[in-house]
Amino acid sequence: MRLDHISYAASHDQLVDVVQRLGSRIGSAFIDGGIHPRFGTRNFVLPLKNGHYLEVVCPINHPAADQSPFGKIVTKRANEGGGWLTWVVSTEDISPIEKRLGRQAVVGHRKKPDGKDLRWKQIGVLGTLSDSQLPFFIEWETSDHPSKDGNPIAKITSIEISGNKEKVKNWLNAEP
């Protein structure tokens, strides 16, 4: 497992301002990531070095934003004024996590403005929804990772999460 990306939530009305403000502070431009039709969200991504990226995500006016766990967590955070949402951990095999959590991962996808369709599986958003210190997990099904878009100039050197260290450790490392 490794850090995949960090998500920042904004309302649809705040999206452009947040993308411009964060991009200016980092010294790089975000790229239109497209719509997550299954989740009722859309995003802009900022590719970072070392296979990471920063995502600014907002809910869209779509029933999935109120029905899917990811749409719910994005909508909730956007309605609270926006801000840092979560961190996401990638794995090459999500099946042990499915077994441990007792449910199947959800297939996600988004069509990028250039027409490429990104596909992944994700699980653990319900854990993030109930406890914001917990990341969710992702397994990429396509090789066109968002960190490969553009020319990354910035990198994540560390992240700091407040909360219960043992709970996070158990969430990340528990065996099925």
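Here, every reference points to the structure presented above.
Our subject in this report is the structure included herewith. (Residues numbered from 1 in each chain as written. Predicted model: local features only at pLDDT ≥ 70, side-chain atom pairs only at ≥ 80, totals over all residues. Heavy atoms only, no water.)

**Quick notes on the overall build of the chain**
What counts is decided by this rule: To qualify as a helix, a DSSP run of H or I must reach at least 4 residues; to qualify as a strand, a run of E must reach at least 2; elements of each kind are numbered from the N terminus. For a compact globule the rule gives 2.2 Å times the number of residues to the power 0.38, and the radius of gyration it is set against comes from C-alpha atoms. Throughout this description, buried means an accessible area under 20% of the type-specific maximum (1.4 Å probe, protein chains only), exposed means over 50%, and partly exposed covers the range between. Computed by Shrake-Rupley with a 1.4 Å probe, the accessible areas treat only the displayed protein chains as cover when residues are assessed. Asp and Glu are treated as the negative residues and Lys and Arg as the positive ones, with His and the ends of the chain left uncounted. Taken as the charge centre is NZ of Lys, CZ of Arg, CG of Asp or CD of Glu, depending on the residue.
The secondary structure content of the chain amounts to 6 helices and 8 strands. Going from N to C terminus, the chain has its helices and strands arranged as β-α-β-β-β-α-α-β-α-β-β-α-β-α. Computed over the C-alpha atoms, the radius of gyration of the chain is 15 Å, within 12% of the 16 Å expected from 2.2 N^0.38 for a compact globule of 176 residues. Taking the principal axes of its C-alpha atoms as reference, the chain extends roughly 40 × 35 × 35 Å. Classification of the 176 residues of the chain by burial places 52% in the buried group. Approximately 9,100 Å² of the chain is accessible, and the part contributed by carbon and sulfur atoms is 49%. Computing the positive centroid from 23 side-chain charges and the negative centroid from 20, the chain places the two 2 Å apart.

**What to know about unusual backbone geometry**
With phi around 65 degrees, N50 is a residue other than glycine that occupies positive phi space. With respect to the helices and strands, the residue N50 is situated in the loop between β3 (41–47) and β4 (53–59).

**Things to note about the side chain of Q122**
Stated formally: Polar contacts here mean pairs of N or O atoms no more than 3.5 Å apart (in protein, one a potential hydrogen donor and the other a potential acceptor; neighbouring residues in sequence count only if both atoms are side-chain atoms). Note on contacts: a residue pair qualifies if any of its non-hydrogen atoms lie within 4.5 Å across the two residues.
On the secondary structure map, Q122 appears in strand β7 (residues 117–123). When its relative accessible area of 7% is taken as the criterion, Q122 is described as buried. Among the polar contacts made by the side chain of Q122, one reaches the side chain of W120 at a distance of 2.8 Å. When residues no more than four places from it in sequence are discounted, the contact partners of Q122 are F39, F70, I94, A105, V106, F136, F137 and I138.

**Concerning the nonpolar core**
Note the cut-off: In these notes, a set of buried Ala, Val, Leu, Ile, Met, Phe, Trp, Tyr and Cys residues joined through side-chain atoms within 4.5 Å is what counts as a nonpolar core.
Counting residues in hydrophobic clusters, the biggest one holds 29 residues, and the most contacted among them are F30, V56, I123 and F137. Contributions of two or more residues to this core are made by β1 (2–9), α1 (15–26), β3, β4, β5 (83–90), α4 (95–101) and α6 (165–173). With residues up to four places along the chain from it excluded, the contact list for I123 reads I94, I97, E98, L101, R103, Q104, A105, F136 and F137. F70, I73, L85 and L118 belong to the second-largest nonpolar core, a separate cluster that totals 16 residues.

**Focus on the pattern of salt bridges**
Under the convention used in this document: Salt bridge, as applied in this entry: a Lys or Arg side-chain nitrogen positioned within 4 Å of an Asp or Glu carboxyl oxygen.
One pass over the full model with this rule turns up 8 salt bridges. Salt-bridge contacts for K112 lead to D144; the nearest nitrogen and oxygen are separated by 3.1 Å. Taken together, the residues span a long stretch of sequence, with K112 in the loop between β6 (106–111) and β7 and D144 in the loop between β8 (136–140) and α6 at a distance of 32 residues. With respect to burial, K112 and D144 carry one shared label: buried.

**Quick notes on the packing of aromatic side chains**
We count it as follows: Any pair of Phe, Tyr and Trp rings, taking the six-membered ring for Trp, is counted once the centres come within 6.5 Å. Such a pair is stacked with planes under 30 degrees apart, edge-to-face with planes over 60 apart, and tilted for the rest. For a lysine, the NZ atom is tested; for an arginine, the CZ atom; a charge sits over a ring if that atom is within 6 Å of the ring centre and within 35 degrees of the ring normal.
A complete count under the given rule lists 6 aromatic pairs for this structure. Geometrically, the ring pair formed by F137 and W171 is tilted, given 5.8 Å between the ring centres and 35 degrees between the ring planes. Highlighted residues: F137 in strand β8 and W171 in helix α6, separated in sequence by 34 residues. An aromatic cluster of three or more residues is present, and its members are F39, F70, W120, F136 and W140. Directly above the aromatic system of W171 lies the positively charged group of R100, at a separation of 5.6 Å from the ring centroid.

**Comments concerning the pairing of β5**
Looking down a regular strand, the side chains alternate between one sheet face and the other. Keep this limit in mind: Pairing between strands requires that DSSP locate at least two bridges from one strand to the other.
For β5, a buried count of 7 out of 8 residues is recorded, marking the element as mostly surrounded by other parts of the structure. In the sheet, β5 pairs with β8 via 3 bridges, with the strands oriented parallel. Bridge pairing in β8 places S90 opposite I138.

**What about the environment of L46?**
With respect to the helices and strands, L46 occurs in strand β3. The spacing of L46 and A65 is 19 residues in sequence and 23 Å in space, taken between C-alpha atoms. Not counting residues within four places of it along the chain, the set of residues in contact with L46 comprises I26, S28, A29, F30, Y53 and L54.

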